[in-house]
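# Residue-level structure breakdown
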Amino acid sequence: SSVGAPGLDLTNRQLAGFTGLGSLVLKSSDAIDFYGSVALGSSSTDVTLDANALIGHADALTGAPAAVRIAAANLLFQNSSGVAPSHDVAQDGDLSASVSNLTFGVGTKAILGFSATTFSVAQTVSGIGTGELDVAGKTTISAATISAAAAATIHPRNVLRLPGMLPSRRRCRR
């Protein structure tokens, strides 16, 4: 519960009502904030999160840390507003996404307020368009394939783990 925060509030019960949808788009001119325990999407739904940040907060009523679970056939995280994230929040709780395909789209975006972020991707993680992703906390991405367009970058603040990925023999230019 966000208790008094401006914007649209959706409860887990309301979010559960969206599970039969073919696609779900949540768009914000700023951030999408998650309070406490949240379950979003289903394995048959395409989910688009269009905001400059995904932010986890403790539940305002219980104090429980954020525990966000996202399920989707295809998950797109982009920031089409062009407004850069400028949030500073404590890292507590965790975000996990279990999806078939994960795409990081255009714009500068951040994942904040989570001490751990895990993406379990059955098929492909891709970066498209010009954009950046800043992830606070430990970040784990498990996927069969990871690809990115030339202008797409990922900036983990702490540790980025790519289980099962072999290091490239080519040297990266700095």
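Residue positions within a chain follow its written sequence, with the count starting from 1. For a predicted model such as this one, the threshold for reporting local features is a pLDDT of at least 70, and the threshold for listing and counting side-chain atom pairs is 80 or more; totals across whole chains, interfaces and linings nevertheless cover every residue. To obtain the side-chain values, all non-hydrogen atoms of the structure were used and water was disregarded.

A separate point is the overall build of the protein chain. Here a helix means four or more residues in a row that DSSP labels H or I, a strand means two or more in a row labelled E, and each is numbered from the N terminus. A tally of regular secondary structure across the protein chain gives one helix and 14 strands. Three exposure classes are used, based on accessible area relative to the maximum for each residue type with a 1.4 Å probe and protein chains only: buried under 20%, partly exposed in between, and exposed over 50%. For the protein chain, the proportion of its 174 residues judged to be buried stands at 39%. Surface accessibility of the protein chain: about 9,400 Å² in total, with carbon and sulfur atoms responsible for 53%. In this description, accessible areas are obtained by the Shrake-Rupley approach with a 1.4 Å probe, and a residue is regarded as covered only by the protein chains that are shown.

Attention now moves to the nonpolar core. A general trend in soluble globular proteins is that nonpolar side chains are found buried together. Joining through side-chain atoms within 4.5 Å is the link that ties buried Ala, Val, Leu, Ile, Met, Phe, Trp, Tyr and Cys residues into a set, and such a set is a nonpolar core. Counting residues in each nonpolar core, the largest one holds 31 residues, and the members touching the most others are Phe34, Leu40, Leu49, Leu75, Leu102, Ile111 and Phe119. Mapped onto this core, the elements with two or more residues apiece are β1 (23–27), β2 (31–35), β3 (37–41), β4 (46–50), β6 (67–78), β7 (94–104), β9 (116–127) and β10 (131–135). Only heavy atoms enter the contact rule, under which two residues are in contact if any of them lie within 4.5 Å. Those residues in contact with Leu40 that sit more than four places away from it in its chain are Leu15, Leu24, Leu26, Phe34, Val47, Leu49, Arg69, Ile70 and Ala71. Ala31, Ala53, Ile55 and Ala136 belong to the second largest nonpolar core, which has six residues in total.

Salt bridges are counted wherever a side-chain nitrogen of Lys or Arg sits within 4 Å of a carboxyl oxygen of Asp or Glu. Within this structure, the stated rule accounts for two salt bridges. In this structure, Lys27 and Asp50 form a salt bridge, with 3.3 Å as the shortest nitrogen-oxygen distance. Taken together, the residues Lys27 in strand β1 and Asp50 in strand β4 connect sequence positions 23 residues apart. Taking relative accessible area as the criterion, Asp50 reaches 4% and is therefore assigned buried. Two residues, Asp94 and Arg69, come together in a salt bridge whose shortest N-O distance is 2.8 Å. Of this pair, Asp94 sits in strand β7 while Arg69 sits in strand β6, and the two are 25 residues apart along the sequence. A relative accessible area of 26% means that Asp94 is categorised as partly exposed.

Looking now at the confidence of the model for the protein chain. Residue-level confidence of the predictor is summarised by pLDDT, bounded by 0 at the bottom and 100 at the top. Taken over all residues, the pLDDT of the protein chain has a mean of 84, while the share at 70 or more is 82%. This stretch, residues 166–174, has a pLDDT under 50; its non-local contacts, to residues over four places away or in other chains, come to zero contacts.

Counting through the fold element by element, His57 comes out in strand β5 (residues 53–57). N or O atoms closer than or at 3.5 Å make up a polar contact, with two conditions inside protein: a donor-capable atom paired with an acceptor-capable one, and, for residues adjacent in sequence, both atoms drawn from side chains. Within polar-contact distance, the side chain of His57 engages the side chain of Asp33 at 2.6 Å. When near neighbours in sequence (up to four residues on either side) are disregarded, His57 contacts Asp33, Phe34, Tyr35, Gly36, Ala64, Pro65, Ala66 and Val89.

Attention shifts here to the environment of Asn74. With respect to the helices, strands and loops of the structure, Asn74 is situated in strand β6. Residues Asn74 and Thr48, 26 residues apart in the sequence, show an inter-C-alpha distance of 8.2 Å. Once you skip the residues sitting within four places of it in the chain, Asn74 turns out to touch Thr45, Asp46, Val47 and Asn101. At 2.8 Å, the side chain of Asn74 forms a polar contact with the side chain of Asp46.

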